[in-house]
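# Chain and residue survey
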Amino acid sequence: MTTPAQLDERYGRGPRRRLPMILTIAAATIVVGVFGWWTWQGSADTVDVTGTGFHLVDDHSVTVSFQISGPPNRPVHCIVEAQDEEFGIVGWRLVSYPASEKHSRAFTEHVPIVSAATTGLVNSCWVS
């Protein structure tokens, strides 16, 4: 007849096999936690921009309307630009918005241009 100790030895059960398994699970949990934290931290500071329109005011300026959605109570900075028909930048402006309790806000910005523009847009936004 086979004893429980012989079965444990045959099938690899016992205290010698548990410690490496426990350490492996602990290490995997830590790695998943660190990557989860990095992912959450990176997404917490993102700013989404939706262009809502532009208007060519005259030969020297364009207005760009847009909406930003970002983390509340954090200042936001955006680069607003005007482009010509070949997507060359003919005017740009850095704008800064103070912290607000609102998650989503709408703005219209005036951009001076140096030559004819065919579009206006927000290049990028970020929190500081």
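Residues numbered from 1 in each chain as written. Predicted model: local features only at pLDDT ≥ 70, side-chain atom pairs only at ≥ 80, totals over all residues. Heavy atoms only, no water.

### Quick look at the nonpolar core
If you look at the biggest cluster of nonpolar residues, it comprises 19 residues, and the most contacted ones within it are Phe66, Ile68 and Cys78. Contributions of two or more residues to this core are made by β2 (61–69), β3 (76–83), β4 (89–97), β5 (104–112) and β6 (119–127). Among residues more than four places away in sequence, those in contact with Phe66 are Val49, Thr50, Gly51, Thr52, Val80, Tyr97, Arg105, Ala106, Phe107, Glu109 and Val122. (Core = buried A, V, L, I, M, F, W, Y, C linked by side-chain atoms within 4.5 Å. Buried < 20%, exposed > 50% of the residue type's maximum accessible area, 1.4 Å probe, protein only. Helix = DSSP H or I, 4+ residues; strand = E, 2+ residues; numbered from the N terminus. Contact = heavy atoms within 4.5 Å.)

### Side note on the side chain of Gln83
Along the chain, Gln83 turns up in strand β3. Judged by relative accessible area, which is 10%, Gln83 ranks as buried. In terms of polar contacts, Gln83 uses its side chain to reach the side chain of Glu81, at 2.8 Å. Leave out the neighbours within four places in its chain, and Gln83 touches Gly88, Ile89, Val90, Ala117, Thr118, Thr119 and Leu121. (Polar contact = N/O pair within 3.5 Å; in protein donor to acceptor, adjacent residues only side chain to side chain.)

### A few points about the sheet that holds β4
Read from one edge to the other, the open sheet built from three strands follows the order β4-β3-β6, with strand pairing classed as antiparallel. Taken across any chain shown, the strands that pair with only one partner, and hence form the sheet edges, are β4 and β6. Sheet twist, expressed as the mean angle between neighbouring strand axes with direction ignored, is 20 degrees. Here β3 pairs with β4 via eight bridges, running antiparallel. (Pairing = 2+ DSSP bridges. Axes fitted to C-alpha atoms, helices over the stretch in contact; angles between N-to-C directions.)

### Regarding the environment of Ile113
Position of Ile113 relative to the elements: it lies in the loop between β5 and β6. Judged by its relative accessible area of 7%, Ile113 is buried. Sequence spacing of Ile113 and Ile89 is 24 residues, and the spatial spacing of their C-alpha atoms is 8.8 Å. Every residue in contact with Ile113, bar those within four places of it in the chain, is listed here: Leu56, Asp58, Asp59, His60, Ser61, Val62, Ala82, Val90 and Gly91.

### Digging into the sheet that holds strand β1 (residues 48–58)
Taking strand neighbours across the sheet as the criterion, the three strands line up as β1-β2-β5 in an open arrangement whose pairing is antiparallel. If you trace the sheet from one side to the other, it starts and ends with β1 and β5, each paired once. On average, adjacent strands in this sheet sit at an angle of 15 degrees to one another, irrespective of strand direction. Bridge analysis of β1 against β2 gives nine bridges, and the strand direction is antiparallel. Bridge assignment links Val49 to a residue of β2, and that residue is Ile68.

Nothing here speaks to function; it is geometry throughout.
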